[in-house]
Structure formats: structure tokens, C-alpha cells
Amino acid sequence: MCGIVGYVGHRPALDVVLGGLRRMEYRGYDSAGVAVLDGAGALTVERKAGRLANLEAELDKVGRESITGTAGMGHTRWATHGAPIDRNSHPHRDASQRVAVVHNGIIENFASLRAELEADGVEMASDTDSETAAHLVARAYTDGDTKGDLAASVAAVCRRLEGAFTLVVTHADQPDTIVAARRSSPLVVGVGEGEHFVASDVAAFIEHTREAVELGQDQLVVITREGYEVTDFHGDAAQAKPFTVDWDLSAAEKGGHEYFMLKEIEEQPEALANTLRGHFESGRIILDEQRISDQDLRDVDKVFVVACGSAYHSGLVAKYAIEHWTRLPVEVELASEFRYRDPVLDRDTLVVAVSQSGETADTLEAVRHAREQKARVLAVCNTNGAQIPRESDAVLYTHAGPEIGVASTKAFLAQIAANYLVGLALAQARGTKYPDEVAREFAELEAMPAAVQKVLSTVDQVRDLGRRIADSKAVLFLGRHVGFPVALEGALKLKELAYMHAEGFAAGELKHGPIALIEDGLPVVVVMPSPKGRAVLHSKLVSNISEIQARGARTIVIAEEGDETVRPFADELIEVPAVPTLLQPLVSTVPLQVLAAEIARTRGYDVDKPRNLAKSVTVE
Ligand code: F6R
């Protein structure tokens, strides 16, 4: 969702800020804006609804050369309060036009703050909650104890705000300073030579520095050319956590690929290998930040996996493995539903919160609810230091690298692998698997990057198929056992990328309703289990395919190499390498990602930035 960048240094701020906004486009947005301080007391603000290109065209009209200055900030907005139109775009200013503010999150008490300001005679220029912050900072800066002190003014305002927010604030009187603050919304500082940055994520400044500082909850930072200073909202010095970003600019660039998603699909073997690396040492599975004791893991009597979208599907896949390996009951639940239904949780419940971004508001709230109920929370996350891992008792990081395409691909595969490591860690602690069995399962996981690489070498056939079925009205996906969540994931990918009606079903459910949807020529993708691994499931699924084929469906079958029984029932056969049953999702998902991307591309859609979607969903 909203992307924020702020800069103070020696380069032209407009270029740095626009570069940062470009790198955060993937977060999803519907308007963009910049503010630049010229050092002589002028504050220039430009903002525009729509893509960044609209803002750039506006800047060209105004004349970019006229916007000089080495301090500034920018924002890409994903609308919550107020339509995505020019006047609701950020930055917002106070009435004197000396203060500019960009905001990510939702100010929950904005209605009462707005009423208070209006009663004071302030005229609002937008429909947003964010604008209130600009007026409040201006008021604090002009009057009272905080007069003339920008950091203290911002801190005073933060103390009054309810909800989640990242704020970045400038004042024309302080052209060499930018103040930023956060609560339950991301903010990192970039530390360069004679320059500093603040941003929603490191992608915004990775081109300039890999040295970063992660701000804690309710912290405020003042950046200048020379340094940065972190305090709490009462002005007391506070500790923030420095870290070095372990990927570089090339990871955040397309590297010759037509779109990020294709690059990320191809990076899956590496993402899997990096996620597994270092997690099996001296015969034991090791998590990253384990603040749960082995005894507590032994005491676990129930597991919940909570997540959204693709991350939820990774949990559905993992349920089969975790239950099989640990004999613990595993419930997989949509994070947005979890806390509203009063789930049964206690200190012996392990809640696994899976999130690529680590920012997803629904998952974060589920984590908070679980911890309030005394459950232990283990986060599986792809973003170092994000809010979800910060608030969890243990963390296992996926090392998929930055995922820029809005549709999750490499992070999804890495989540499955990480969830499996959690299952093995539980099995090890509880003694439901002998050490040699754990070692064998880990070795099978380690063979998966090569298997995924093999799938990638055959995707041309899938692309060709994608082009041929791109004008279909709908596509259905069927699977059984671990193939069922794969079917759900395939359907989700197609919906979000190609805006096509797509549904995933457990194949056994077909005759209980969905078979009525089958009509002549309807493409139905079937995810086959191995004929060797699960022979019963295999034969049942063969029957299901013949039933739909008899009713005119165009069957697209994803099956293990050499599975001859299925060939007569497949109008299109896509072969994937033979791997153990529980690991099949890691190979069978890949063709479905490619299929969705190719259909979207053929239909003329932006594969990396599907309409209405944001990469990290920071509102419930
Ligand atoms: C689908 C997709 C989304 C995310 C979901 C959760 O391709 O990307 O469904 O999986 O929004 O996001 P995270 O994992 O960041 O919590």
C-alpha cells in the first residue's frame, strides 16, 4: 500500500525521491506526489492522481529544473479516506503551506480531530484523514511548548493520533531536516555518506545505501545530512536496530525480464535454496529467532496457521505435512476471520503467522489477538524486522529476496518450505520423528530447488497454452490432498492477474455442485497426485477428469512425468518431475503461475501491477 520516501543529502532531492517512488510502485497505489524544500524557504509540492507517469508529466509541465533543493519527500497513495483524485493525493499541507506531511496507515480518530480543527476555523482542502496531521503539526509548531521545534511538534501530534501511521513531515523553516514517525506501520532509515533517507521499505534507497535502521513501535526519527536521531514520542532517546540489507539493486530490477513476476518465477529455485540454507545444523532443525523454549514446543497441543491470500494457501499445503509429522491438529485460518470468531487458544497453542510483507494488517491483528490469549506466535516472514516478526515469539525468515510483482510467486514457494521447517522443528522437539527421519525429510526439501529448475525449463509449452486459452470466460482448477490448495492458488493467480473468473475446488466436491459449471470447451486445470505416491487419490482423480471430459471440458492436466494413465484424459498434458507427495505443490504450482501471467499478458494487462491490488495490505 502507500509508499513513503524522504531524503536529506547532497543530491537533487527530486531525482532521489522520484527514484524511490519508482522502486516502491510495486506496493500498489493510485496517486503520487512529492515535496521539495529548496533551502531558501520555499516548499514546492506537486501531486497527481493515477500512475507516477502522470506526476512526472506534471513536473515536466512545471519545469523540473525549477524544483531545486536537496531535501524532500514523496508518496504513493492507495486510497482509503477519499477518492484517488489530485486533491486527496499526498503531500498535504497546512493553511500557511509551510508544513507538508505524507502519511501511510489510517488515523482512526481523524473525525474528532478534523471537527476540532474546523471549529478552530481551519478549512480542509481534502477528504483525507492525513491532512489533519499537517494542520496539527503546524499548530504545534506555532504555539505552546513545542513552538519552533519540529520534532517535538510531530511527537506531540503522534501522541494524539489513534490507529496506524507512518508520518513524514517537513517544514519550510527547517530545510535541512526531515522528521518521521511510526506506529504499527513500516518505516526504515537509510544511512548514507552525507545523506539520509526514510522510507516504507529499503527498496526506496537500495540504489544509494544498504545500511539501514529499523525503527521500533512509537518511535520518531530526525534525519539531516549529517546523521539521524531516534526518540520515542516523548522526546526521550530510543534504541533502533541497525541492519545491512542482504540483497542489492539488481534484485530490485527486472534484469532483462519483461516483467518482475517472470523474473521472480525464475528465481524460485534460489529462493527455496536460500530459505532452507543454515536451518539444519548438527543434525537439528534451527529457527531464526527462537524465543520459544524447546519445552514450550513440546507442550504445544494445537497449531493454527493464520495468513491471507497466497500465504494462507501455503498454510493449507503445510497442514498436511505438519499433521503427518507431528500428529498435532492443525487449523488453517484466514487471518481476517480468526480473531472475530473467538478461537480456542491458550499457552499450549502455537499460532504460525505467515506473511511475505510482515505488514498485512489482518495477520498482524490475528497475531495480537493470539498473544493476548497467551498463545505462542511464530512468524514466517520475508521482510526483515517487519511488524509481524517483531511482535512474535519466534521467527523463521523466508529468504526469497524482494518480491516486486504484486502476485506472490517465489515468496509462496519459500513460505511452503519454511512452514515445512516449522513442522520438522515441532516433530524434532516433540520426538514424533527420529533425528534420521528429520534429516531425510530435510534432504528431500534440499532436492527441491533442482526439481523446480527442471519445471522452469519446460514453461514454453505452458506459455503457448496460455495464449490459446486467453479468451476463455472462466477457468476451473481441481485437486485433491495437497493438490487442492495448489488448485486454490492457481485460481487466485488467474483472478488477480487476468481478471478472469477462476475457481479452485477439491475434486471430490465436484459432484456436489460445481460440476454444473462444466460446459463445452471450458478449460479445467487438474493437479494430479503421483500414481506411485497416492495411488488411491490418483485413480479417483482420473475418474473425476473423465467425468468432466465427458461433459465437454477442455482438460489441462498437470501430472508427474511418465504418468501414462492420465494421458488419454488430458487435452493438454503438462509434465512435472516426480517428487515426494508432500513436496508436489512446490513443482505443480509453477506452471499455474506461468499460465496466469501469460494469459494476463495476452489480454494486455500489467502483470506486475494488477488493478485495485496492493502488495502489502496494511488496512483491515
Ligand atoms: C496473491 C498475493 C496475496 C498475498 C496476501 C498476503 O498473489 O500476493 O494474496 O499473499 O495479500 O500478503 P502477505 O504475505 O504479505 O501477508
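The structure we're discussing is the one just above.
Residues numbered from 1 in each chain as written. Predicted model: local features only at pLDDT ≥ 70, side-chain atom pairs only at ≥ 80, totals over all residues. Heavy atoms only, no water.

Visitor: Sorry if this is basic, but what is going on with the overall build of the protein chain here?
Guide: Each helix and strand counted, the protein chain has 19 helices and 27 strands in total. In terms of C-alpha radius of gyration, the protein chain reaches 26 Å, essentially the compact-globule figure of 25 Å for 620 residues. The 620 residues of the protein chain split such that 62% are buried. Long-range contacts, defined here as pairs at least 24 residues apart, represent 71% of the contacts in the protein chain between residues at least 6 apart. In the structure as shown, the protein chain presents an accessible area of about 22,600 Å², 48% of it carried by carbon and sulfur atoms. (Helix = DSSP H or I, 4+ residues; strand = E, 2+ residues; numbered from the N terminus. Rg over C-alpha atoms; globule rule 2.2 N^0.38 Å. Buried < 20%, exposed > 50% of the residue type's maximum accessible area, 1.4 Å probe, protein only. Contact = heavy atoms within 4.5 Å. Areas by Shrake-Rupley, 256 points an atom, 1.4 Å probe, with all protein chains shown as cover.)

Visitor: Please explain the pairing of strand β20 (residues 349–355) as it appears in this structure.
Guide: Consecutive residues of a regular strand have side chains that alternate between opposite faces of the sheet. Across the seven residues of β20, seven count as buried, placing the element largely inside the fold. Of the two faces of β20, the one carrying Thr349, Val351, Ala353 and Ser355 and the one carrying Leu350, Val352 and Val354 are both buried. Both strand β18 (residues 302–307) and β20 contribute to a ladder of five bridges, which runs parallel. Looking at the pairing, Phe304 lines up with Val351 of β20. Note: β20 against strand β21 (residues 376–381), six bridges, orientation parallel. Across the sheet, residue Ala353 finds its bridge partner in β21, namely Ala379. For the crossover that starts at β20, traverses helix α11 (residues 361–372) and ends in the parallel β21, the hand is right-handed. (Pairing = 2+ DSSP bridges. Right-handed = clockwise from strand over helix to strand, strands pointing away.)

Visitor: Explanation requested: the side chain of Thr398 in the structure shown.
Guide: Mapped onto the secondary structure, Thr398 falls in the loop between β22 (394–397) and α13 (410–430). Classification of Thr398 as buried rests on a relative accessible area of 3%. When near neighbours in sequence (up to four residues on either side) are disregarded, Thr398 contacts Thr275, Val380, Cys381, Asn382, Ala414, Gln415 and Ala418.

Visitor: Can you walk me through the site of the ligand in this structure?
Guide: Surrounding the ligand, one finds 15 residues, the nearest of these being Ser355, Gln356, Ser357, Thr360 and Glu496. In the model, an oxygen atom of the ligand is placed 2.4 Å from a nitrogen or oxygen of the Thr360 side chain. The side chain of Lys493 places a nitrogen or oxygen atom 2.9 Å from an oxygen atom of the ligand. Here the ligand loses 89% of its free accessible area of 410 Å² to cover by the protein chains. Elements with a minimum of two residues in the shell around the ligand: α9 (309–326) and α17 (483–498). (Near = heavy atom within 4 Å. Polar contact = N/O pair within 3.5 Å; in protein donor to acceptor, adjacent residues only side chain to side chain.)

Visitor: Would you mind showing me how to read helix α2 (residues 52–62) here?
Guide: A turn of α-helix holds 3.6 residues, and therefore any two residues three or four places apart point the same way. Here α2 has its buried residues at Leu52, Leu55, Glu56, Glu58 and Leu59. For α2, the angular spread of buried residues about the axis comes to 160°, placing them on one side. In α2, the exposed positions angled more than 90 degrees off the buried face are occupied by Ala53 and Lys61. At the C-terminal side of α2, Gly63 shows a positive phi close to 100°. (Arc of directions from axis to C-beta.)

Visitor: What am I meant to see in the environment of Glu572 here?
Guide: Position of Glu572 among the secondary structure elements: in strand β27 (residues 572–576). What Glu572 contacts, discounting residues up to four positions off in sequence, is Leu465, Arg468, Arg554, Thr555, Ile556 and Val557.

Visitor: Explain the packing of helix α7 (residues 268–276) against helix α15 (residues 448–456) to me, please; I cannot follow it from the model alone.
Guide: The relative placement of two packed helices comes down to the angle between their axes together with the axis-to-axis distance. For the pair α7 and α15, interaxial distance at closest approach is 8 Å and the crossing angle is 170°. On the basis of the axis angle, α7 is roughly antiparallel to α15. Facing α7, whose interface residues are Gln268, Pro269, Leu272 and Ala273, α15 presents Met448, Pro449, Val452, Gln453 and Leu456. Its residues assigned to classes, the contact of α7 with α15 shows seven nonpolar, two polar and no charged. (Axes fitted to C-alpha atoms, helices over the stretch in contact; angles between N-to-C directions. Parallel < 35°, antiparallel > 145°, perpendicular 65-115°, else oblique. Nonpolar A, V, L, I, M, F, W, Y, C, P; charged D, E, K, R; others polar.)

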